Number of protein chains: 2
Amino acid sequence: MKLQPKNKKMLLQAALGTIPSDMVLTNGKVVNVFTGEVLNADVYIYDGFISHVEYDQVGKDLKANKIVDVKGQYVIPGLIDAHVHIESSMMTPRNFAKAVIPHGTTTVITDPHEIANVWGVEGVRYMHEDSENLPMRQLIDIPSCVPAVPGKENAGADFLAKEIAELAGLERVIGLAEVMDFLAVIYGEDRMMEILKVAEDHGLYLQGHAPFVTGRMLSAYLCGGPRTDHESRDTKETETKYRYGMNIDMRDSSLCKNVPEIMAAMKNYRYYDTLCLCTDDRESDDLLNEGHINEVIRVAIKNGMDPIDAIKCSTINTAREIRMDHLGAIAPGYVADIVVLDDLTEMKPSQVYYGGQLVAEDGHLVVEIEELVLPLETRNSIHVKELTVDDFRLQAPIDSGMVKVNVMCFDDLYSSATKVMVEELPVKDGYLDLSNDSDLKFVAVVNRYDKDNIALHVVRGFGSDHGAVASTVSHDSHNLTVVYDTAVNALVAANRLKEVGGGMCAVEDGQILHTLELPIGGLLSPKPVEELSKDAACMKEANRKLGLREMENPMMRIVTLALPVIPEAKMSDLGLINVFTKEMIPLYVD
Amino acid sequence: MKLQPKNKKMLLQAALGTIPSDMVLTNGKVVNVFTGEVLNADVYIYDGFISHVEYDQVGKDLKANKIVDVKGQYVIPGLIDAHVHIESSMMTPRNFAKAVIPHGTTTVITDPHEIANVWGVEGVRYMHEDSENLPMRQLIDIPSCVPAVPGKENAGADFLAKEIAELAGLERVIGLAEVMDFLAVIYGEDRMMEILKVAEDHGLYLQGHAPFVTGRMLSAYLCGGPRTDHESRDTKETETKYRYGMNIDMRDSSLCKNVPEIMAAMKNYRYYDTLCLCTDDRESDDLLNEGHINEVIRVAIKNGMDPIDAIKCSTINTAREIRMDHLGAIAPGYVADIVVLDDLTEMKPSQVYYGGQLVAEDGHLVVEIEELVLPLETRNSIHVKELTVDDFRLQAPIDSGMVKVNVMCFDDLYSSATKVMVEELPVKDGYLDLSNDSDLKFVAVVNRYDKDNIALHVVRGFGSDHGAVASTVSHDSHNLTVVYDTAVNALVAANRLKEVGGGMCAVEDGQILHTLELPIGGLLSPKPVEELSKDAACMKEANRKLGLREMENPMMRIVTLALPVIPEAKMSDLGLINVFTKEMIPLYVD
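These lines cover the structure that appears in this document, whether it is placed above or below. (Residues numbered from 1 in each chain as written. Chains lettered and ligands numbered in written order. Predicted model: local features only at pLDDT ≥ 70, side-chain atom pairs only at ≥ 80, totals over all residues. Heavy atoms only, no water.)

**Some words on the overall build of chain A**
And then number 1: A tally of regular secondary structure across chain A gives 16 helices and 29 strands.
And then number 2: The globule rule puts the C-alpha radius of gyration for 590 residues at 25 Å, and the 25 Å found for chain A is close to it.
And then number 3: Buried residues in chain A amount to 69% of all 590 residues.
And then number 4: Within chain A, residue pairs in contact and separated by at least 24 positions form 69% of the contacts whose partners lie at least 6 positions apart.
And then number 5: Within the structure as shown, chain A displays about 19200 Å² of accessible surface, and the carbon and sulfur contribution to it stands at 48%.
And then number 6: In chain A, 56 side chains carry a positive charge and 90 a negative one; their mean positions are 3 Å apart. (Helix = DSSP H or I, 4+ residues; strand = E, 2+ residues; numbered from the N terminus. Rg over C-alpha atoms; globule rule 2.2 N^0.38 Å. Buried < 20%, exposed > 50% of the residue type's maximum accessible area, 1.4 Å probe, protein only. Contact = heavy atoms within 4.5 Å. Areas by Shrake-Rupley, 256 points an atom, 1.4 Å probe, with all protein chains shown as cover. Lys, Arg positive; Asp, Glu negative; His and termini not counted. Charge placed at Lys NZ, Arg CZ, Asp CG, Glu CD.)

**What to know about the relation of the copies chain B and chain A**
And then number 1: Laying chain B over chain A is done by rotating through 180° and shifting 0.0 Å along the axis; what remains is an RMSD of 0.1 Å. In symmetry terms, the pair is related by a two-fold rotation axis. Rotation axis and chain B: the residue whose C-alpha lies nearest the axis is Asp273(B), separated from it by 3.4 Å.
And then number 2: Take the interface residues of chain B: 100% of them recur as interface residues in chain A, which is what a same-surface contact looks like. (Least-squares fit on C-alpha atoms with pLDDT ≥ 70 in both.)

**Digging into the packing of helix H8 (residues 215-224) of chain A against helix H1 (residues 8-16) of chain B**
And then number 1: With their axes 8 Å apart at the nearest point, H8(A) and H1(B) run at an angle of 160° to one another. Considering the angle they form, H8(A) stands roughly antiparallel to H1(B). Crossing of H8(A) against H1(B): the hand is right-handed. The residues of H1(B) that touch H8(A), namely those facing Arg216(A), Met217(A), Ser219(A), Ala220(A), Cys223(A) and Gly224(A), are Lys8(B), Leu11(B), Leu12(B), Ala14(B), Ala15(B) and Leu16(B).
And then number 2: Residues belonging to the contact of H8(A) with H1(B) are distributed by class as follows: 8 nonpolar, 2 polar and 2 charged. (Axes fitted to C-alpha atoms, helices over the stretch in contact; angles between N-to-C directions. Parallel < 35°, antiparallel > 145°, perpendicular 65-115°, else oblique. Left-handed = near helix turned anticlockwise from the far one by under 90°. Nonpolar A, V, L, I, M, F, W, Y, C, P; charged D, E, K, R; others polar.)

**With respect to the pattern of salt bridges**
Residue and element names in this part refer to chain A.
And then number 1: Across all of its chains, the model carries 84 salt bridges over all chains by this definition.
And then number 2: Put simply, Lys 6 and Asp 47 hold a salt bridge, and the shortest N to O gap is 2.8 Å. Of the two residues, Lys 6 is situated in the segment before helix H1 (8-16) and Asp 47 in the loop between strand E2 (38-46) and strand E3 (49-54); the sequence distance between them amounts to 41 residues.
And then number 3: Look at Lys 6 and you get exposed, because its relative accessible area is 76%. (Salt bridge = Lys/Arg side-chain N within 4 Å of Asp/Glu carboxyl O.)

**Some points on the environment of Glu132(A)**
And then number 1: Looking at the secondary structure, you find Glu132(A) in the loop between helix H4 (121-130) and strand E8 (137-142).
And then number 2: Residues Glu132(A) and Leu218(A), 86 residues apart in the sequence, show an inter-C-alpha distance of 37 Å.

**Focus on helix H12 (residues 293-302) of chain A**
Along an α-helix, residues three or four positions apart point the same way, because every turn accommodates 3.6 residues.
Residues and elements named next belong to chain A.
And then number 1: The buried count for H12 comes to 9 of 10 residues, which makes it a mostly enclosed element.
And then number 2: Among the residues of H12, Ile 293, Asn 294, Glu 295, Val 296, Ile 297, Arg 298, Val 299, Ala 300 and Ile 301 are the ones counted as buried.
And then number 3: At the C-terminal side of H12, Gly 304 shows a positive phi close to 105°.

**Concerning the packing of aromatic side chains**
Aromatic ring pairs are defined here through the distance separating the ring centres and the angle between the ring planes.
And then number 1: Per the counting criterion, the structure on display carries 12 aromatic pairs over all chains.
And then number 2: Both rings, one in Phe34(A) and one in Tyr334(A), keep their centres 5.9 Å apart while their planes meet at 65°; by these two values the pair is edge-to-face. Of this pair, Phe34(A) sits in the loop between strand E1 (23-31) and E2 while Tyr334(A) sits in the loop between helix H14 (316-321) and strand E14 (338-341), placing them 300 residues apart in sequence. For the pair shown, Phe34(A) and Tyr334(A) are each scored as buried.
And then number 3: What links up through ring pairs into an aromatic cluster is the set Phe392(A), Phe442(A) and Tyr484(A).
And then number 4: The residue whose ring lies beneath Arg393(B) is Tyr431(B), and the NZ or CZ to ring-centre distance is 4.0 Å. (Phe/Tyr/Trp six-rings, centres within 6.5 Å; stacked < 30°, edge-to-face > 60°. Lys NZ or Arg CZ within 6 Å of the ring centre and 35° of its normal.)

**A word on the sheet that holds strand E29 (residues 584-585) of chain A**
And then number 1: Read from one edge to the other, the open sheet built from 3 strands follows the order E27-E28-E29 (chain A), with strand pairing classed as antiparallel. Unpaired on one side and paired on the other, strand E27 (569-572) and E29 of chain A mark the two borders of the sheet. (Pairing = 2+ DSSP bridges.)

**Some words on the sheet that holds strand E8 (residues 137-142) of chain B**
All names here are of chain B.
And then number 1: Taken together, 5 strands build an open sheet; the order of strands is E6-E7-E8-E9-E10 and the sheet is parallel. In this open sheet, the two edge strands, each paired with only one partner strand, are strand E6 (79-84) and strand E10 (205-208). Going from strand to strand, the sheet's axes swing by 30° on average, the running direction of each strand aside.
And then number 2: Relative to E10, strand E9 (residues 173-179) runs parallel, the two being bridged by 3 bridges. When the bridges of E10 are listed, Gly 175 appears paired with Tyr 205.

**Observations concerning the environment of Cys538(A)**
All names here are of chain A.
And then number 1: Structurally, Cys 538 can be placed in helix H16 (residues 529-545).
And then number 2: With a relative accessible area of 40%, Cys 538 lands in the partly exposed category.
And then number 3: Along the chain, Cys 538 and Leu 513 lie 25 residues apart, while their C-alpha atoms are 9.0 Å from each other.

**Concerning the state of the cysteines**
And then number 1: For the coordinates displayed, the defined rule picks out 0 disulfides over all chains.
And then number 2: Cysteine Cys313(A) shares no disulfide, and the gap to the nearest cysteine sulfur, in Cys276(A), comes to 6.9 Å. (Disulfide = S-S within 2.5 Å.)

Laid out in structure tokens, this is it:
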């Protein structure tokens, strides 16, 4: 995608001043991301582009139809999120736009990975269509790993090179999204090599994802093609990646707060060219109450980053990362995405301009976003067989006594990393009995794509002490996942989610505490951010009631339980998987 | 053009160490252009690419077929010249390669603008063909302004959008070269708009050229598309361009020494992301005796630049400017263009690797470059009509007395800037007589493309005090240009150049002092750098004998006399042109 004026000749005339520009922002302090200066300047806008920036004769001879006095405030480029899954906000692209624009975000690079796992190519097309004609720019990277671990899980789609090629034709598609099956890259698996090749052939940039990968493994990953990463979690990892020329997309998501560790590495470096900011996954209440990229900037500043550097990292650096010219700076020929604010550390926009149009003021959207109901938004996506209590009971190889079980154990209450530990567990009447240990729970992953399979296992350290929590938001295949004490509670929760077309649900003693309805693909709500936040708050409260009190966000605990790319073991609808070897781990030890 | 390994899967294996790399450079200090660090590391090379960089276990477990101990020397990326006209060296691309590789240059972005003005599309194809399979990378930008000033001069070719589109298909073509007709851009002339559009449509980057352009004019130029510039001459100009987001290609050519002024501006800036180095025009003896980009780095360091910054500016920054991935860094997945040297300020390479192959050592090429004689190299390009003494005599509108003449006056002996001054000059026997003022000379521009026109004028401050100097190197149309006292001397010089197929010639009292033969397109010699330098030294000496003593390079004085883009007035084969208005200036004032 290229950012080009509708009529270049007219833009040239506006630049020269032979015709008036549409508007000029006068009396502002421009943050110049090329020089690092903050300078008084007039910023002229014509046809959505910056036609001229006057640094010398400021405030004089203003050749514009509209003069906006920004009264000494800062004028910075519109903010860019280097990597975000809009689905994580549980909002539609249009409602997401409403939520982030007032925070100064004018461009996001989004990976519609979640909805692609549910609806395939159609899902990506939906995200593209729903984000058309918005007062912000939602650029799309094509999901590269659908499903996350081919052959070991069933998602709603399977993306091969053919699907990538098809989607590369969409107007706002610019990259191949986070290539998270890093082992497939490193070991040169055919399927992945073909996907990378077709993406490169179509001129897409390759976004990476390589958590904990360093040394020769990282060298191989980079030789494979992807050159960015938003998964740096510690200082040493950041150091290696940055030295290897990997762009660091510094993440501050609702769950992963990586800024302090990354900044600890970055402080030693001379150059910040290849550092960008991203949110990855941000929930509706965080977007509403804390902010978006402006919040990441605040966090970066708190961790020692200079505000000018932080602005550069979240504007021109990101534009370069995604190979997009004319984006990310206050300079002639650049798109007029502009944020006006009075404090560079508070980062609260008083005005946001997108393509030269005022779109938000003092935290509020000031343009209409058309309401749409696209066909996919009313189509059911939860195709689960008729369920019974027996589907959720775990039969043992013996009738009573003790059996050795491969238990999936969370490392702690905050991260989604796990280990597999062998435990001896009691059997009662031919079924596994966990009732004596409230830290142990059953887990069921129910295929929701018209296949009958249900995988059952045992989990320790999940965090709930009773009841059932269920979710159709369950990265990345988004099968219906339930963590529960009794089969009855599980059945109530699962059936409720079938009934409402997906979402999240908490059940206690057979009673539904709360349901967060996400009928669009079982992932998204049609509600805007204010309503959805309230709904989510109720959902969290219900989860806390079931024991999920420690983690900052109890609602999200379940959603990475079936994500078989986070070490060391995760569930799928086929069972428990060793993330490193991609081998299935049996429930019972022989 | 994309830099890709022949077999990615094998490269991945070499990265992992499951197969040995071809080579490892051990015991080196790597200059890391991402972090700005200098770190001990082992650099592994496989199939022309860097397969792995080991920063932790340095010197241990070296998995490579060949181990090269660089004995504590620095290991830096191969140097890149952001903008050069190979023709200015008067060497063929192959001989140019021989001259620059030992200096550590592994990539140049070349603009075959001169030969394009002579031979058109065929000329560009010749430069492309002659630079195939070299132990360096000659990337080509398509000349954008052939001729420099359409309609006001006759060159050997005329490039419209069609020619640009045709040449965009060549393998090593990556950009549109310096768009020097900046007025055509700024005022949105159709011909130029079409050229820019076709270049953008073909994915070419747009290289700029905007001497003295600032303010709204510069805004318009940038809105037009080009985003780089190597013409910054003073600090204020640099400041505006850099603030406007224009990449500065800091030039140190044989003629233009812009580093001090540019560095005076750059010292105030926080970021050096968009600063690159270039040579633009470097003659054979400078290449032989001083160096190439390594010399520009030395000059930059002398002017206050940190050596690490200078290396970054001449490697990864340039790779980014030209949108070339996998180039310009010592990092996994990058091409193995590497320079080994023991001092970062002396910048004398002890070893140069191109695509992992050792190509130069201690200042000498260590690989064979195949000798070629391509068809164009033996074809005559000087198509000038039969000349007589009368062709060079300047008829006056009166028979005797004084006439008012628009004289083209050089500002000084060092720059090619000129003014037009009206002078009263004597007429004798119906012809203009300059014999009483040795600072005045006749100038003739003789069309050499089968057209009969010859333009005659008067020049002041050229620098010669007697005799004739002539050249078919005469930017940009390269018509046969002669500056002379008597018509006889002019005729001898012109006929000599016709006879040898072009070049440069100095004549005194009807006798040839020296001829520098440039039979390839009247621009290039088939000789290698050592021989050509000697030849050029004789040419300079001959020019000095004619009075051209003050300027550093007397040979180059004539070559920009007919370049109607350098203000304020220049010659073409049609007469004297006002560079700003593009109007013809009559010889005689009414």
